[in-house]
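Fold and geometry: a report
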Amino acid sequence: MKSLILSFSVLVLFTSCAKKEATFDATGSFEADEIIISSEVMGKILYLAIEEGKNLKQGELIGIIDTSTLFLKKKQLIAQIKAGSSRFPDIPSQTQFYEAQINVVKTKLEYLLNEKVRIEKLVNAKAVPVKQSDDINAQINDLNQQLLLISKQKQSAISTLQTQTKSIQNEPLPIYVQIEQIEDQIKKSKIINPIEGVVLSQYAKSHEITNIGKPLYKIADIQNITLRVYITGEQLPLIKLGQKVKVLTDQAKETMFTDEGLIYWISSQAEFTPKTIQTKNERANLVYAIKIKVKNDGRYKIGMYGEIQF
């Protein structure tokens, strides 16, 4: 009887040891690339259509921040531009005075030129003294000088008015930049979800006031989840990037679910084993972290433990 009990105890001990024997090459936990989406503008959140656990599509409009103040500021800047356009000088009307003077001088000059021809004929016929010809030439020369002076004054006035016009044209340039900045803020007031994934945490709600940089929600792509495991230096030569491995996770009735994963990252530096791994002695060992990409159909959750076999 004692022999039978002893044999049974040995069998139980052997079975227990067999169960404890590791059937995996490395173990770790599942994680995902988490992104915290923050507000890019300040204002009241008109609505925010998210909730924890909700799946969001990339590019989906999920919320709007009040932009009424920005819209009014934009209208004010546009009004400033329109008001400035009314200050443009009317060059033709403002130089009309010089044009009238030029026409008067030209009319006088035309008359004297005709008169000069007549007097020169009389001088040649010795019907009038030569002095009359000299006098009319002096008058013609004087009118030419007047015409030149008025033309220079007109050109100077036009140049001054053109400078004023250019200066007024440049005045709205900083305002246009302000309008572009406001339009950019209005665009950013639309909360667009950047990646497809599941909302992990919600930090803000509709009707709350938000500031620039304030977190709104946290999202992660869990369709392609990552299993981070740790291997020893002895195991390092057994793996390589792009290598397929078996991924094992617990399922019902103490059985293991087997899946396939792909090694896409291997740490280049050794580190001490994380505190969550095995015994104190094992935690003192140096290990290398590796990441395995696994296609997720909803089975895997962030923080869930998994095993791999090379």
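The model shown is predicted, which means the values in this text are computed figures rather than measured ones.

On to the overall build of the protein. Of regular secondary structure, the protein possesses seven helices and 15 strands. Looking at the 310 residues of the protein, the share that counts as buried comes to 29%. Taking the contacts inside the protein whose residues are at least 6 apart along the sequence as the reference set, 75% of them involve residues at least 24 apart. Of the accessible surface of the protein, which amounts to about 20,700 Å², a share of 55% is contributed by carbon and sulfur atoms.

Right, let's get into the sheet that holds strand 7 (residues 197–202). The strands making up a sheet associate through backbone hydrogen bonding, with each pair oriented either parallel or antiparallel. Strand order in this open sheet of four strands is 2-9-7-4, and the pairing throughout is antiparallel. Either end of the sheet is taken by a strand with one partner, and the two such strands are strand 2 (34–38) and strand 4 (55–56).

Attention now moves to the packing of helix 2 (residues 68–85) against helix 6 (residues 173–188). Packing of helix 2 against helix 6 brings their axes to within 10 Å, and their N-to-C directions diverge by 160 degrees. By the angle between their axes, helix 2 is roughly antiparallel relative to helix 6. Remark: the crossing between helix 2 and helix 6 carries left-handed chirality. Two secondary-structure elements touch here, helix 2 through L70, F71, K73, K74, L77, I78, Q80 and I81 and helix 6 through I175, Y176, Q178, I179, I182, E183, Q185 and I186. Residues of the contact of helix 2 with helix 6, tallied by class, amount to ten nonpolar, three polar and three charged.

This part takes up the nonpolar core. Counting residues in each nonpolar core, the largest one holds 16 residues, and the members touching the most others are I290, I292 and I308. Breaking this core down by element, the ones donating at least two residues are strand 1 (26–31), strand 10 (224–232), strand 11 (244–251) and strand 14 (286–295). Other than its neighbours up to four places away in sequence, I292 contacts I225, T226, L227, V229, V245, V247, G261, L262, I263, Y264 and I308.

Within a regular strand, side chains alternate between the sheet's two faces. In the sheet, strand 1 pairs with strand 15 (residues 305–309) via four bridges, with the strands oriented antiparallel. Looking at the pairing, G28 lines up with G306 of strand 15. Pairing of strand 11 with strand 15 involves three bridges; the strand directions are antiparallel. What sits directly across from V247, in strand 15, is I308.

What follows deals with the confidence of the model for the protein. Detailed reading of the predicted coordinates is not advisable wherever pLDDT is low. Taken residue by residue, the protein gives an average pLDDT of 84. The fraction at 70 or more is 89%. A low-confidence stretch, residues 1–21 (pLDDT under 50), is modelled with zero contacts involving residues beyond four sequence positions or located in other chains.

On to the sheet that holds strand 5 (residues 61–65), then. Spatial strand order, 6-5-3-8: four strands in an open sheet with antiparallel pairing. One side of each edge strand has no neighbouring strand; the edge strands of this open sheet are strand 6 (190–192) and strand 8 (209–210). Summarising the sheet, strand 5 and strand 6 pair through three bridges and their orientation is antiparallel. Note on strand 6: the bridge partner recorded for L61 is I192.

To continue, consider the packing of helix 4 (residues 96–124) against helix 5 (residues 130–170). Contact geometry of helix 4 with helix 5 gives a least axis separation of 9 Å together with a crossing angle of 160 degrees. Between helix 4 and helix 5, the interaxial angle falls into the category roughly antiparallel. Here the hand of the crossing between helix 4 and helix 5 comes out left-handed. Tallied by class, residues from the contact of helix 4 with helix 5 come to 15 nonpolar, nine polar and seven charged.

This next bit is on the pattern of salt bridges. Scanning the entire structure with this criterion turns up nine salt bridges. With a shortest N-O distance of 3.3 Å, E31 and R228 are connected by a salt bridge. Of the two residues, E31 sits in strand 1 while R228 sits in strand 10, which places them 197 residues apart along the sequence. Taking the shortest distance from any N to any O, the salt bridge between K116 and E120 comes out at 3.9 Å. Of this pair, K116 and E120 both sit in helix 4, four residues apart, which is roughly one turn of that helix. Since its relative accessible area comes to 25%, K116 is described here as partly exposed.

On the surface, L46, Y47, L61 and I192 cluster together into a nonpolar patch covering about 330 Å² of accessible area. Examined against the element boundaries, I192 turns out to sit in strand 6.

Basis of the calculations
Residues numbered from 1 in each chain as written. Predicted model: local features only at pLDDT ≥ 70, side-chain atom pairs only at ≥ 80, totals over all residues. Heavy atoms only, no water. Helix = DSSP H or I, 4+ residues; strand = E, 2+ residues; numbered from the N terminus. Buried < 20%, exposed > 50% of the residue type's maximum accessible area, 1.4 Å probe, protein only. Contact = heavy atoms within 4.5 Å. Areas by Shrake-Rupley, 256 points an atom, 1.4 Å probe, with all protein chains shown as cover. Pairing = 2+ DSSP bridges. Axes fitted to C-alpha atoms, helices over the stretch in contact; angles between N-to-C directions. Parallel < 35°, antiparallel > 145°, perpendicular 65-115°, else oblique. Left-handed = near helix turned anticlockwise from the far one by under 90°. Nonpolar A, V, L, I, M, F, W, Y, C, P; charged D, E, K, R; others polar. Core = buried A, V, L, I, M, F, W, Y, C linked by side-chain atoms within 4.5 Å. pLDDT = per-residue confidence, 0-100. Salt bridge = Lys/Arg side-chain N within 4 Å of Asp/Glu carboxyl O. Patch = residues over 30% accessible without salt bridge, like charges linked within 9 Å, V, L, I, M, F, W, Y side chains within 5 Å.

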